[in-house]
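# Commentary on secondary and tertiary structure
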Amino acid sequence: MSILEQIRRRAAADVQRIVLPEGADPRTVVAAGICAREKLAHVIVLGDEEQIRASARATGADLGGVEVLDHRRASDFNKVAALYHELRRAKGLMPDEARIAVQDPLYYGNLLVRMNRADGSVAGATNTTAHTVRAALHCIGVRAGFKLVSSFFVMVVPDANFGVNGAMIYADCGVVIEPSSVELAEIALASADSCRALLDVEPRVALLSFSTKGSASHKLIDKVVEATRTVRARAPELIIDGELQADAALVVRVAESKAPGSPVGGRANVLIFPDLQAGNIAYKLTERLAGATAIGPILQGLDKPCNDLSRGCKAEDIVAAVAITAVQAQARKAQG
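What you see is a predicted model; the values in this text were computed from it and never measured. (Residues numbered from 1 in each chain as written. Predicted model: local features only at pLDDT ≥ 70, side-chain atom pairs only at ≥ 80, totals over all residues. Heavy atoms only, no water.)

## Quick look at the overall build of the protein
- Broken down by element type, the protein carries 13 helices and 11 strands.
- Here the C-alpha atoms of the protein give a radius of gyration of 21 Å, agreeing with the 20 Å that 2.2 N^0.38 yields for 336 residues.
- A principal-axis box enclosing the C-alpha atoms of the protein has dimensions of 65 × 45 × 30 Å.
- Each of the 336 residues in the protein was classed as buried or not, and the buried ones make up 55%.
- Pairs at least 24 apart in sequence give 72% of the contacts found in the protein among residues at least 6 apart.
- In the form shown here, the protein has an accessible surface area of approximately 14800 Å², with 51% of it arising from carbon and sulfur atoms.
- In the protein, 39 side chains carry a positive charge and 38 a negative one; their mean positions are 2 Å apart. (Helix = DSSP H or I, 4+ residues; strand = E, 2+ residues; numbered from the N terminus. Rg over C-alpha atoms; globule rule 2.2 N^0.38 Å. Buried < 20%, exposed > 50% of the residue type's maximum accessible area, 1.4 Å probe, protein only. Contact = heavy atoms within 4.5 Å. Areas by Shrake-Rupley, 256 points an atom, 1.4 Å probe, with all protein chains shown as cover. Lys, Arg positive; Asp, Glu negative; His and termini not counted. Charge placed at Lys NZ, Arg CZ, Asp CG, Glu CD.)

In structure tokens, the structure reads:
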């Protein structure tokens, strides 16, 4: 069973309420119908109901079991707008500006998540990543103890000897361009939780660099070393090591030579890259040269899950994102 099949099965085992704000897009409508048919989630589609129903007829989508909500005409619209004003009042937001903002379905949808009327949201089929992330930050906010939203990919390589039967977490490959040592530590901590949630195993986290255990000296290496210290201080139970080169993180024979005694060496299932350039290049190289499947980017660090889609996505990609978001929501509830 593939990792995505496992995630879909876990999503169906404990159904969550997931908002799809982009109801004007036919791909969203088709995806909602698939999610309902396969019982992956209770889906709430936002937008003009007549347009959504017409799109369903045109695409052959069955919206039985899908909740369609025209948020602009919803009976609680003013209540939701008032909540957003309360959240952003200290930033100078006025009540009329809040009402205008909540007309945007991404804001209304994420406020439903904030109010516990939904467990997560998925958007980005028609909106930019910047807008999707901004709406989530403004409405849902970051997790307690965190200051940063980052992203990761689940990478699945053909060789099952790596990671968890070939599956690994790569972070951050999509959001934080040049993290400080403190931010890199947060990315590592969030990615460890993501590994538990989606791969269903204990994380073994490698903070990567071009040096292994002092084999080189540079300020860029110092950042990785300091991040490793910070993670160990905040989560002493976590299996983590750094700085490690990629081969020392993934190949036992190399680790025995370069990093003897490393708790992670050769067995990492979470790879933390020192900056976005390294992470983005690495995931694309892994995808193209190793024939890997790249699932993501998936957001992490929010108080409740919200995920971003590529604007070139297919309906099936939205379905996968809904399943992932549902499993993240299950994990978030389990954490309390």
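Next, the rest of the story.
## As for the environment of asparagine 269
- Take asparagine 269: it is sitting in the loop between helix H11 (252–258) and strand S9 (270–272).
- The spacing of asparagine 269 and alanine 190 is 79 residues in sequence and 14 Å in space, taken between C-alpha atoms.
- Setting aside chain neighbours within four positions, we find asparagine 269 in contact with Gly163, Val164, Met168, Ile169, Cys195, Val201, Glu202, Pro203 and Arg204.
- At 3.2 Å, the side chain of asparagine 269 and the backbone oxygen of glutamate 202 are in polar contact. (Polar contact = N/O pair within 3.5 Å; in protein donor to acceptor, adjacent residues only side chain to side chain.)

## Here's the deal with helix H6 (residues 105–114)
- Summarising burial for H6: 8 of the 10 residues are buried, a large majority.
- If you check which residues of H6 are buried, you get Leu106, Tyr107, Tyr108, Gly109, Asn110, Leu111, Leu112 and Val113.
- Capping the start of H6, aspartate 104 holds a side-chain oxygen 2.9 Å from the backbone nitrogen of leucine 106, two or three residues further along.
- A positive phi of about 65° marks asparagine 116, the residue just after H6.

## Examining the side chain of threonine 228
- Inspection of the secondary structure puts threonine 228 in helix H9 (residues 219–234).
- Using a relative accessible area of 1% as the deciding quantity, one classes threonine 228 as buried.
- Apart from residues no more than four positions distant in its own chain, threonine 228 is found in contact with Leu207, Asp241 and Gly242.

## Structural notes on the sheet that holds strand S4 (residues 120–123)
- If you walk across this open sheet you meet the 5 strands as S3-S2-S1-S4-S11, and the pairing is parallel. Single-partner strands in this sheet number two, and they are strand S3 (67–69) and strand S11 (306–308). Strand-to-strand twist across the sheet, computed as the mean angle between neighbouring axes with direction ignored, equals 20°.
- For strand S1 (residues 17–20) and strand S2 (residues 42–46), the ladder comprises 4 bridges, and the chain directions are parallel. (Pairing = 2+ DSSP bridges. Axes fitted to C-alpha atoms, helices over the stretch in contact; angles between N-to-C directions.)

## Looking at the pairing of strand S7 (residues 204–208)
- With 4 of 5 residues buried, S7 lies mostly within the body of the structure.
- Taken together, S7, H9 and strand S8 (residues 239–244) form a β-α-β motif whose crossover is right-handed.
- Sheet analysis places S7 next to S9, joined by 3 bridges and oriented parallel. Counted as the bridge partner of leucine 207 is isoleucine 272 from S9. (Right-handed = clockwise from strand over helix to strand, strands pointing away.)

## Quick look at the packing of helix H4 (residues 77–88) against H6
- Between H4 and H6, the shortest axis-to-axis distance is 10 Å and the interhelical angle comes to 80°. As the angle between them shows, H4 and H6 are arranged roughly perpendicular. Together, Phe77, Val80, Leu83, Tyr84 and Leu87 of H4 and Tyr107, Tyr108, Leu111 and Arg114 of H6 make up the contact between the two elements. (Parallel < 35°, antiparallel > 145°, perpendicular 65-115°, else oblique.)

## Let's talk about the pattern of salt bridges
- The tally for this structure, following the rule as stated, stands at 18 salt bridges.
- Glutamate 49 is the salt-bridge partner of arginine 53, the closest N and O atoms lying 3.3 Å from each other. One end of the pair is arginine 53 and the other is glutamate 49, both in helix H3 (residues 49–59) and 4 residues apart, which spans about a single turn.
- You can call arginine 53 partly exposed: its relative accessible area is 30%.
- Residue classification places glutamate 49 among the partly exposed residues on the basis of a relative accessible area of 37%.
- The network of salt bridges with common partners includes Arg143, Asp193, Arg196 and Glu202. (Salt bridge = Lys/Arg side-chain N within 4 Å of Asp/Glu carboxyl O.)

Keep in mind these numbers describe shape, not what the thing actually does.
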